[in-house]
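Each chain is listed here by its residues.
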Amino acid sequence: MTDELGAWKTFGERTVYDNKWVRLGLADVQAPNGERWDYHVVHLARIAIGLIVDDLDRVLMLWRYRFPTDQWGYELLGGLVEEGEEPAATAAREIREESGYQPLGEAEHLISFEPLPGQVTAGTEVYLWRAAEKVGEPTDTEEVGRLEWVPLSRIPELAQRQELLGAGALVPLLYYVATRSTRSAAGQDQPTEPA
């Protein structure tokens, strides 16, 4: 932690609730104004997300329902990084389990982010592939929905209509679309040959 102006001080944290997916902590903190109190912090497991963009400028996504927000929309494929697993391997595994597609070639790390840093820790790593092949049917029966190859040209419209669900779809897709021309000029956004 840096000692910058406006930094909060943390004097410890105790766990209120804990399971495989979420830990709720009560942190003893002091704000820059000198006030000190217990602050709830939600700690989520690390997440890895896969972004597959094909040579027709389409992205593989899952149209699904999320009950906490009572919403239908598109998500990228991804999930929890298991202990001892590299995040890129997690993203590839989750793509295979949720879609039946196998990413081809080397994964490119696209972006890392924390979606809600005010009260939640949820480190998220996003990896990009430029090709995938269908190797079977989805095996993750919990992550059900309709798989679609969605044109990247639709991303701004889907974001405006709130049909990209959560930061795990919004951040990687908007970042990719925003940096696509820069990435192409640098030669980073070219399709790769399968290994």
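Rules used throughout
Residues numbered from 1 in each chain as written. Predicted model: local features only at pLDDT ≥ 70, side-chain atom pairs only at ≥ 80, totals over all residues. Heavy atoms only, no water. Helix = DSSP H or I, 4+ residues; strand = E, 2+ residues; numbered from the N terminus. Buried < 20%, exposed > 50% of the residue type's maximum accessible area, 1.4 Å probe, protein only. Contact = heavy atoms within 4.5 Å. Areas by Shrake-Rupley, 256 points an atom, 1.4 Å probe, with all protein chains shown as cover. Lys, Arg positive; Asp, Glu negative; His and termini not counted. Charge placed at Lys NZ, Arg CZ, Asp CG, Glu CD. Pairing = 2+ DSSP bridges. 1 Å grid on protein atoms, 1.4 Å probe; cavity = no way out; pocket = protein on both sides within 12 Å on 5 of 7 lines; lining within 4 Å. Points joined across faces, edges and corners; volume = space filled by probe spheres on them. Nonpolar A, V, L, I, M, F, W, Y, C, P; charged D, E, K, R; others polar. Salt bridge = Lys/Arg side-chain N within 4 Å of Asp/Glu carboxyl O. Expected span 1.5 Å × (residues − 1). pLDDT = per-residue confidence, 0-100. Phe/Tyr/Trp six-rings, centres within 6.5 Å; stacked < 30°, edge-to-face > 60°. Lys NZ or Arg CZ within 6 Å of the ring centre and 35° of its normal.

(A) Quick peek at the overall build of the chain. Along the backbone of the chain there are three helices and 13 strands. Dimensions of the chain, computed from C-alpha atoms along their principal axes, come out at roughly 55 × 40 × 35 Å. A burial count over the chain gives 37% of its 195 residues as buried. In the chain, 59% of the contacts between residues at least 6 apart in sequence involve partners at least 24 apart. Carbon and sulfur atoms provide 52% of the accessible area of the chain, an area that totals close to 11,300 Å². In the chain, the 18 positive side-chain charges and the 33 negative ones have mean positions that sit 2 Å from each other.

(B) Expanded view of the sheet that holds strand β2 (residues 22–30). Strand order in this open sheet of four strands is β1-β2-β3-β10, and the pairing throughout is mixed. Two strands in the sheet have a free side with no partner beyond their single neighbour: β1 (9–18) and β10 (120–121). Across two bridges, strand β3 (residues 36–44) lies against β10 in parallel orientation. Residue pairing for β10: H43 is matched across the bridge by T121.

(C) Seen up close, unusual backbone geometry. Positioned with a positive phi, D57 is a non-glycine residue whose angle comes to about 60°. When you line up the elements, D57 lands in the loop between β4 (47–52) and β5 (58–66).

(D) The arrangement of the layout of surface pockets in detail. One number sums up the size of the largest pocket: a volume of about 1,600 Å³. As for the largest pocket, its lining consists of 40 residues, of which I47, R66, E75, L80 and E143 are closest to the centre. Counting residues per element, the ones that place at least two in the lining of the largest pocket are β4, β5, β6 (71–75), β7 (77–80), α1 (87–99) and α3 (167–185). Grouping the constituent residues of the lining of the largest pocket by class yields 21 nonpolar, seven polar and twelve charged. Lining the second largest pocket are 13 residues, with V29, Y39, V41, P117 and G118 sitting closest to its centre. Classifying every residue of the lining of the second largest pocket gives seven nonpolar, four polar and two charged.

(E) Broad picture of the pattern of salt bridges. Enumeration over the complete set of coordinates arrives at 14 salt bridges. Measuring nitrogen to oxygen at the nearest pair gives 3.8 Å for the salt bridge that ties E75 to R64. Separated by eleven residues along the polypeptide, E75 in strand β6 and R64 in strand β5 bring together distant segments of the chain. Exposure class is identical for E75 and R64. Each is buried. Via salt bridges that share partners, E82, E85, R93, E94 and E97 belong to a single interconnected network.

(F) Just α1, in detail. For α1, which comprises 13 residues, the first-to-last C-alpha distance of 18 Å matches the rise-based estimate of 18 Å (1.5 Å per residue) to within 8%. Taken as a whole, α1 has its buried residues at P87, T90, A91, A92, R93, E94, I95, E98 and S99. Looking one or two residues beyond α1, the residue adopting positive phi is G100, at roughly 85°.

(G) Molecular detail of the confidence of the model for the chain. On average, the chain scores 91 in pLDDT, and the residues at 70 or more come to 92%. Note that pLDDT drops below 50 for residues 191–195; the model gives that stretch nine contacts with residues more than four away or on any other chain.

(H) Structural view of the packing of aromatic side chains. Throughout the structure, instances matching the rule amount to seven aromatic pairs. Ring geometry for W8 against W37: centres 5.4 Å apart, planes inclined by 70°, an arrangement best described as edge-to-face. Here W8, found in the segment before β1, pairs with W37, found in strand β3; they are 29 residues apart in sequence, far enough to count as distant. A relative accessible area of 33% places W37 in the partly exposed class. Taken together, the aromatic side chains of W63, Y65, W72 and Y74 make up a single cluster linked through ring pairs. Above the plane of the ring of F11 lies R36, whose end atom (NZ or CZ) is 3.8 Å from the centre.

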